[in-house]
Amino acid sequence: MDNLIARVAGAADITPEVARKAVALIGDFIQREAPEEAVQDLFGKAPAFPAIIASSTSTGGEGMGGGLKGLMGVSAGAMGGGGLMALGAELMGLGLGMEQIQTVGKEVFAYAREVAGDQVVGEISASIPGLSQFI
């Protein structure tokens, strides 16, 4: 787990605390948006993801009412980006710029490819519109 955090922090030039939060947001997003079988395969091969998600105090709109969280997804979907736009907004809320967000995404998915393989990452990427441009 700490290796992934250090890798992301170093590549994106951010603190380990921000890197942990960013990875947790991405992991939670994958968990919510990708096919369940692919998520289980990824998390089984990369236990750092569920551990980081669990260690984060707030991911994926927790603390908001379920209706508000769902409404955010619907309104973002109407703008053409769906959950990916909401994820971007959450990452920007951590103080990350677009270049850092892309770097974090590339590092997280490079790690996922290393541990789970191209097929699992490809299935996740194909299931989330627009994701491929960030990985």
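What counts, and where the lines are drawn
Residues numbered from 1 in each chain as written. Predicted model: local features only at pLDDT ≥ 70, side-chain atom pairs only at ≥ 80, totals over all residues. Heavy atoms only, no water. Helix = DSSP H or I, 4+ residues; strand = E, 2+ residues; numbered from the N terminus. Buried < 20%, exposed > 50% of the residue type's maximum accessible area, 1.4 Å probe, protein only. Contact = heavy atoms within 4.5 Å. Areas by Shrake-Rupley, 256 points an atom, 1.4 Å probe, with all protein chains shown as cover. Core = buried A, V, L, I, M, F, W, Y, C linked by side-chain atoms within 4.5 Å. Axes fitted to C-alpha atoms, helices over the stretch in contact; angles between N-to-C directions. Parallel < 35°, antiparallel > 145°, perpendicular 65-115°, else oblique. Left-handed = near helix turned anticlockwise from the far one by under 90°. Nonpolar A, V, L, I, M, F, W, Y, C, P; charged D, E, K, R; others polar.

## Structural notes on the overall build of the chain
Alright, step 1. For the chain, the count of helices and strands is 8 helices and 0 strands.
Alright, step 2. Secondary structure elements of the chain, listed N to C terminal, follow the sequence α-α-α-α-α-α-α-α.
Alright, step 3. The buried share of the chain, taken over its 135 residues, is 41%.
Alright, step 4. For the chain, the share of sequence-separated contacts (at least 6 apart) that also reach a separation of at least 24 residues comes to 69%.
Alright, step 5. Counting every atom, the chain has about 6,800 Å² of accessible surface; 54% of that belongs to carbon and sulfur.

## Here's the deal with the nonpolar core
Alright, step 1. Formed by 43 residues in total, the largest nonpolar core has its most connected members in Ile 14, Leu 42, Phe 49, Val 104, Phe 109 and Ile 124.
Alright, step 2. Mapped by element, the contributors of at least two residues to this core are α1 (2–12), α2 (16–33), α3 (36–45), α4 (48–55), α6 (82–93), α7 (98–116) and α8 (118–127).
Alright, step 3. In terms of residues, this core owes the most to one element, α2, which gives 9 residues.
Alright, step 4. Excluding residues within four positions of it along the chain, Phe 109 makes contact with Ile 26, Ile 30, Val 121, Ile 124, Leu 131 and Ile 135.

## Digging into the environment of Ala 112
Alright, step 1. Position of Ala 112 among the secondary structure elements: in helix α7.
Alright, step 2. Not counting residues within four places of it along the chain, the set of residues in contact with Ala 112 comprises Leu 42, Phe 49, Gly 117 and Val 121.

## Focus: the packing of α2 against α4
Alright, step 1. Taken N-terminus to C-terminus, the directions of α2 and α4 make an angle of 110°; their axes are 8 Å apart at the nearest point. Between α2 and α4, the crossing angle belongs to the class labelled roughly perpendicular. α2 and α4 meet at a crossing whose hand is left-handed. Facing α2, whose interface residues are Arg 20, Val 23, Ala 24, Gly 27, Asp 28 and Gln 31, α4 presents Phe 49, Ile 52, Ile 53 and Ser 55.
Alright, step 2. Counted by class, the contact of α2 with α4 contains 5 nonpolar, 3 polar and 2 charged residues.

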